[in-house]
Amino acid sequence: DVRRHRRSRTHPRIEVEVRLVYIAGPYRAATPWGVQQNINNAAALSAKVHAAGMFAVCPHLNSAHMEGVADDEHFLTGTMTLMRVCHAVILTRDWRNSAGALAEVAEATRLGIPVFGRAQTEHNDGGALDGLIAGSAETLDAGTGRTSCA
């Protein structure tokens with residue numbers, strides 16, 4: 001769970017004041033409208049993560065509509081790198097429709113990064129956000145509002 005996951009590659013003197021939560025789900029689609037809907041879905045989940053007191057890392061917003069600026073591999077490599085430094089991953093409801101999200105889930109699992117929302121469907125969030133919030137409830141040290149990454 002997110003409270004047990006500590007990033008070993010983080011500089012030992014850096015104190016984390018907030019948990020980084022990576023938003024994983026489809027970006028690409030057959031039409032520009034579909035791409036925008038995927039961005040909107042990720043943005044809505046991102047807002048919920050922020051409202052819960054964690055910091056959402058949302059690649060959909062970071063590179064929105066930058067098709068053609070660089071090749072797909074550039075964006076896929078960059079977003080995978082971002083995911084690897086996060087404390088947890090939360091999935092959009094339609095994450096199974098994305099080869100990128102499937103790869104991110106596999107990599108997060110390999111690294112021991114908690115993944116929330118695997119059981120959800122397009123019509124049921126499977127308690128993904130509730131699970132994430134419950135898993136992070138004890139992450140901050142009492143009184144300081146900080147926890148060290150080790």
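Residues numbered from 1 in each chain as written. Predicted model: local features only at pLDDT ≥ 70, side-chain atom pairs only at ≥ 80, totals over all residues. Heavy atoms only, no water.

Quick look at the overall build of the protein now. The secondary structure content of the protein amounts to 5 helices and 6 strands. Written out in order from the N terminus, the α and β elements of the protein read β-β-α-β-α-α-β-α-β-α-β. Counting all 150 residues of the protein, 41% fall into the buried class. Long-range contacts, defined here as pairs at least 24 residues apart, represent 75% of the contacts in the protein between residues at least 6 apart. (Helix = DSSP H or I, 4+ residues; strand = E, 2+ residues; numbered from the N terminus. Buried < 20%, exposed > 50% of the residue type's maximum accessible area, 1.4 Å probe, protein only. Contact = heavy atoms within 4.5 Å.)

Next up on the list: helix α4 (residues 99-111). Spanning 13 residues, α4 covers 18 Å between terminal C-alpha atoms, matching the ideal 18 Å at 1.5 Å per step. Looking at α4, one finds that the buried residues are Gly100, Ala101, Glu104, Val105, Glu107 and Ala108. Along the long axis of α4, the arc covered by the buried residues comes to 170°, so they all point the same way. Turned more than 90 degrees from where α4 packs its buried face, Ala99 and Arg110 sit exposed. Of the surrounding elements, those touching the buried residues of α4 are β2 (20-24), α3 (72-84), β4 (88-91) and β5 (115-116). Phi turns positive one or two residues past the end of α4, at Gly112, with a value near 80°. (Expected span 1.5 Å × (residues − 1). Arc of directions from axis to C-beta.)

Of note, His65 is a non-glycine position whose phi angle comes to about 60°, a positive value. For His65, the position within the fold is in the loop between α2 (59-62) and α3.

Below, the discussion takes up the environment of Leu76. Along the chain, the position of Leu76 falls in helix α3. Looking at Leu76, the relative accessible area reads 35%, which means it is partly exposed. Considering only alpha carbons, one finds Leu76 and Pro59, 17 residues apart in sequence, at a separation of 9.7 Å.

On to the environment of Ala47. On the secondary structure map, Ala47 appears in helix α1 (residues 32-51). For the pair Ala47 and Cys58, spaced 11 residues apart in the sequence, the C-alpha separation amounts to 9.8 Å.

For soluble globular proteins, the rule of thumb is that nonpolar side chains tend to be buried together. Among the nonpolar cores identified, the biggest contains 14 residues, and Tyr22, Ala24, Met83, Val89, Leu91, Ala108 and Val115 are the most heavily contacted of them. Those elements that place two or more of their residues in this core are β2, α3, β4 and α4. No other element matches the 3 residues that α4 contributes to this core. With 11 residues, the next largest nonpolar core counts Val21, Ile23, Met54 and Cys58 among its residues. (Core = buried A, V, L, I, M, F, W, Y, C linked by side-chain atoms within 4.5 Å.)

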